[in-house]
There are 2 protein chains.
Amino acid sequence: MKATIRTINGGVTSAQGFQAGGAHVGLKRKRKDLAILVSDCPAVMAGTFTQNTAKAPPVLWNHNINQKGEPVKALVINSGNANSCTGPMGPVHAKMMAEALANELGAATEEVLVSSTGIIGVPLPIDDVVKGIGIVSQELGHDRESGKKAAEAIMTTDAYTKELAVQFEVQGKTITLGAMAKGSGMVHPNMATMLSFITTDLKISKQLLQKALSESVNKTYNMISVDGDSSTNDMVVAMANGMAGNEELVEEDMDYHLFADALNYLNEHLAKSIAADGEGASKLLEVEVEGANSLEEARTMARAIISSNLVKTAAFANDPNWGRIVAALGSTGVAFDMTVLDISMAGNQQSVYLVQNGTPMFVESVSVNQILKADQVCVTIALNQGQCSAKAWGCDLTHEYIERTCRYTSDHVIESLPKLQAMVQEGEVA
Amino acid sequence: MKATIRTINGGVTSAQGFQAGGAHVGLKRKRKDLAILVSDCPAVMAGTFTQNTAKAPPVLWNHNINQKGEPVKALVINSGNANSCTGPMGPVHAKMMAEALANELGAATEEVLVSSTGIIGVPLPIDDVVKGIGIVSQELGHDRESGKKAAEAIMTTDAYTKELAVQFEVQGKTITLGAMAKGSGMVHPNMATMLSFITTDLKISKQLLQKALSESVNKTYNMISVDGDSSTNDMVVAMANGMAGNEELVEEDMDYHLFADALNYLNEHLAKSIAADGEGASKLLEVEVEGANSLEEARTMARAIISSNLVKTAAFANDPNWGRIVAALGSTGVAFDMTVLDISMAGNQQSVYLVQNGTPMFVESVSVNQILKADQVCVTIALNQGQCSAKAWGCDLTHEYIERTCRYTSDHVIESLPKLQAMVQEGEVA
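Residues numbered from 1 in each chain as written. Chains lettered and ligands numbered in written order. Predicted model: local features only at pLDDT ≥ 70, side-chain atom pairs only at ≥ 80, totals over all residues.

1. Examining the overall build of chain A
Helix and strand counts for chain A come out as twelve helices and 16 strands. For chain A, whose C-alpha radius of gyration is 22 Å, the value lies close to the compact-globule estimate of 22 Å for 430 residues. Along the first, second and third principal axes, the C-alpha atoms of chain A reach 65 × 60 × 35 Å. Going through the 430 residues of chain A one by one, you find that 62% of them count as buried. (Helix = DSSP H or I, 4+ residues; strand = E, 2+ residues; numbered from the N terminus. Rg over C-alpha atoms; globule rule 2.2 N^0.38 Å. Buried ≥ 20, exposed ≤ 12 C-beta atoms within 10 Å, placed from the backbone.)

Here you go:
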């Protein structure tokens, strides 16, 4: 991070003119499950959405709004139910969420974005959601605490909230950028749905905001993996309301690059936080592939390693099984020269080479074990071919992962069966 | 399988003119670790090899011989060490294995194929291997028991041997086709290395043998996944020695198609057996995708489902989590219409629709649980779009998988450290 960018204790309400709130409205048993985020004035938006062809209705709703390019005013997010694979009522319910918040705010329905995360294939309890929107929209605040409530309300099986804010100067004005995100957790461990919402008071053109966001997402959120399964509900949305009072950024000048750096710092922090809090994870894995012939190849290889089940189980037991890393590299189809390869692992402020110049180093496995017994382990692969490098983040594959993910539907369906039957009787299920 | 094809209790020695043997020669602690397979007369070969760009030296050795197209006489396989990522000595050791067996048989080095499976990155103890080749080549036999010994000697962490033989008639001659294969197991759970060796006394051109093998591998071995990690040592090799006395098959006539069917039956049986014996597996998963627009799309989707960690953990707990199946379908990037989709699951002689015409069926999860509590669970996805279908096989992801795969290198390196240090002192390690 550049010295001119500083982190502050904050989140989505840190930037000027953003209010938020969050509460329990009945989708989950006890924890907060509905969040609202409102900009005091219309904001330009940028978004990146899941590549899954089975996109959930809220994703399609936001994608359409982003395509149209008009400013937006607010965002409502529920957790506990993904409104995904919910048949013809899915898009109707997504729109009803936007409508309900628009009514409260006196805004147009198309100025409101929506997001859902939780179980797939169960109809959204729309009455609870609409009622909840009415309640939460009365409790919005610009303060830190209100931002925290929203960050709590978007969690599913996350062990902790994921928030950060950063500040920097543009044209003598202080610009603030804040965000909240969620990853995978424990109550509804379905699909490790990844959401991130970013607010800023910077004045910037929609086109530049989208460019900065897309480039940063490719370097951050798109470089993490908890279990290799891509969700139907993933989205990253940024809103910029211009309330910092700077002249609008419209070209890729120094100010833009400063913003892009700050945005990327924020996103990398949240992405790593999501990976570290992956379902059942005991540690964060950072993999850097250096010396690749292209950025694309470096990214592909880093992602392959971070996604390998065998690399992940070895990490769980602090086992320096570099053969699995080589096999994962090769599984990408990218050619590399094994005779010049270096592989090192680092943790607990120490590092060790396992392979140098393609030659295995016979290190004492007991000492490597100590290095790998850390909350964060970094694996560096130097291909020593080209100039490109990429980082990816993931976590280990543990007994806890199996426990947390294996019984989800059975538990949930048994728990919610009476409610579902009532909905079927009321004709709500197509 | 066509009625004209019958299975027999057999393996690689069932076809006329094939001898085999297997013994413990010191690479593993106690179990057999060296197998030899010899044809009494030169045989045409066909092979398919790992797509991993980090191909192990034995794979490259066989690939070269297959490219040249000359007949082969024998195959030597060691387990316990993959001779992969072993530096400049790797290819030297692979060739030394071929040479040692060629000397015993009075054959040319280029008539001998080699294969290795086991730990990656540890130098092959070549002295033990060469000595072992001398011993095992004195104990070869055409009998069933000798075939069994070979099938045992290629196992790594497999819980059981994988063998089958089938017979059918061509031009009034009985043709026999036998095979042995290995998957993943427990003593050296590295990379789920997949090997399969097929022998037949059919007389067939090399070109047709390769065509039949490649097509069958795409339908069978390439449609299984234990953990999504592709190995540096995978290979399927077929040898046809013509000793059944039929006129050589040189075109795609009815006899060829009968052979192709028999070969595919054999391969499907072994592929399913490998999937069922995947590391830590408690059940076999069969996934069929029907009604796709192309075979390619059907295969991609079936493979995506079988490879999804979340589908696999749900299977472990008998949880009918079809939302994860839809997400896996969508993650392939292949478009499909959710409103016409059917999903059913079958086990224990019962089956149940979870989704029909895109509508979730709210079945009693307790009864589905009973259906899924089976050794073999079949999931059928009807896309109801086109005419193409594909099957894939895998297994569940269990606590046992984590246990078996997590500590491999540490255990192995600690165990073999004295030997490795001796080798380093002797200058054997580059």
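2. What about the confidence of the model for chain A?
Residue and element names in this part refer to chain A. Summing up the model confidence of chain A, the mean pLDDT is 86 and the portion of residues at 70 or higher is 90%. Within the model, the stretch residues 185–192 combines pLDDT values under 50 with 42 contacts to residues more than four positions away or in other chains. Predicted complex metrics record ipTM = 0.77 and pTM = 0.79. (pLDDT = per-residue confidence, 0-100. Contact = placed C-beta atoms within 7 Å.)

3. Considering the environment of B:P57
All names here are of chain B. With respect to the helices and strands, P57 occurs in helix α1 (residues 57–68). Sequence separation of P57 and G90 is 33 residues, and the distance between their C-alpha atoms is 5.8 Å. The contacts of P57, once residues within four sequence positions are left out, are N83, G90, P91 and A94.

4. Digging into the environment of B:V368
All names here are of chain B. Of note, V368 is situated in helix α10 (residues 365–372). Here the alpha-carbon distance between V368 and L354, two residues 14 residues apart in the chain, equals 9.2 Å. If near-sequence neighbours (up to four positions away) are discounted, V368 is found in contact with P320, M345, V352 and V363.

5. A look at the sheet that holds strand β14 (residues 359–360) of chain A
Residues and elements named next belong to chain A. The strand order across the open sheet built from seven strands is β9-β16-β11-β15-β12-β13-β14, with neighbouring strands paired in mixed fashion. The open sheet is flanked by β9 (224–225) and β14, the only strands paired with a single partner. Where strand β13 (residues 350–356) lies against β14, two bridges are found, and the strand directions are antiparallel. From the neighbouring strand, Q356 faces β14, where its bridge partner is T359. Packing of helix α6 (residues 254–276) onto the sheet brings it into contact with β9, β11 (284–292) and β16 (388–395), and relative to β16 it is tilted by some 40 degrees. (Pairing = 2+ DSSP bridges. Axes fitted to C-alpha atoms, helices over the stretch in contact; angles between N-to-C directions.)

6. Some thoughts on the domain arrangement of chain A
Residue and element names in this part refer to chain A. Looking at the assigned domains, one finds that chain A contains domain 1 (6–276) and domain 2 (284–397). Placing the centre of domain 1 and that of domain 2 at their C-alpha centroids yields a distance of 33 Å. Contact with domain 1, which involves nine residues of that partner, is made by twelve residues of domain 2. Of all the secondary-structure elements, those providing two or more residues to the side of domain 1 that touches domain 2 are β9 and α6. The element best represented in the side of domain 1 that touches domain 2 is α6, accounting for four residues. Residues of the side of domain 1 that touches domain 2, tallied by class, amount to six nonpolar, two polar and one charged. (Domains from an automatic or database assignment. Nonpolar A, V, L, I, M, F, W, Y, C, P; charged D, E, K, R; others polar.)

7. Observations concerning helix α4 (residues 144–153) of chain B
Residues and elements named next belong to chain B. The element α4 is largely enclosed, with a buried count of seven among its ten residues. Taken as a whole, α4 has its buried residues at S146, G147, K149, A150, A151, E152 and A153. Next to the buried residues of α4 lie β2 (18–23), β3 (34–49), β4 (72–81), β6 (162–170) and β7 (173–182).

8. Comments concerning the packing of helix α8 (residues 309–316) of chain A against helix α9 (residues 322–331) of chain A
Residue and element names in this part refer to chain A. Close contact between α8 and α9 brings their axes to 9 Å; oriented N to C, the two are set at 160 degrees. By the angle between their axes, α8 is roughly antiparallel relative to α9. Relative to α9, the crossing made by α8 is left-handed. Residues L310, V311 and A314 of α8 form the contact with α9, whose own contacting residues are R324, I325 and A328. Its residues assigned to classes, the contact of α8 with α9 comprises five nonpolar, no polar and one charged. (Parallel < 35°, antiparallel > 145°, perpendicular 65-115°, else oblique. Left-handed = near helix turned anticlockwise from the far one by under 90°.)

9. What to know about the sheet that holds strand β14 (residues 359–360) of chain B
Residue and element names in this part refer to chain B. With respect to topology, seven strands assemble into an open sheet ordered β9-β16-β11-β15-β12-β13-β14, the strand pairing being mixed. Two strands close off the open sheet at either side, each with one partner strand: β9 (224–225) and β14. Across five bridges, the pairing between strand β12 (residues 342–347) and strand β13 (residues 350–356) is antiparallel. Paired with S344 across the bridge in β13 is Y353.

10. Brief notes about the nonpolar core
Formed by 282 residues in total, the largest nonpolar core has its most connected members in A:L37, A:I305, B:I36, B:L37 and B:I305. Setting aside anything within four residues of it in sequence, one finds A:I305 in contact with A:V287, A:V311, A:I325, A:A328, A:L329 and A:V379. (Core = buried A, V, L, I, M, F, W, Y, C linked by C-beta atoms within 7 Å.)

11. Points about the pairing of strand β12 (residues 342–347) of chain A
Along any regular strand the residues' side chains alternate between the sheet's two faces. Judged by which residues are buried, β12(A) turns out to be one-sided: A:I343, A:M345 and A:G347 face inward and are buried, whereas A:D342, A:S344 and A:A346, on the alternate face, are not. Count of turn residues in the β12(A)/β13(A) antiparallel hairpin: two residues, of which A:N348 carries a positive phi of about 50 degrees.

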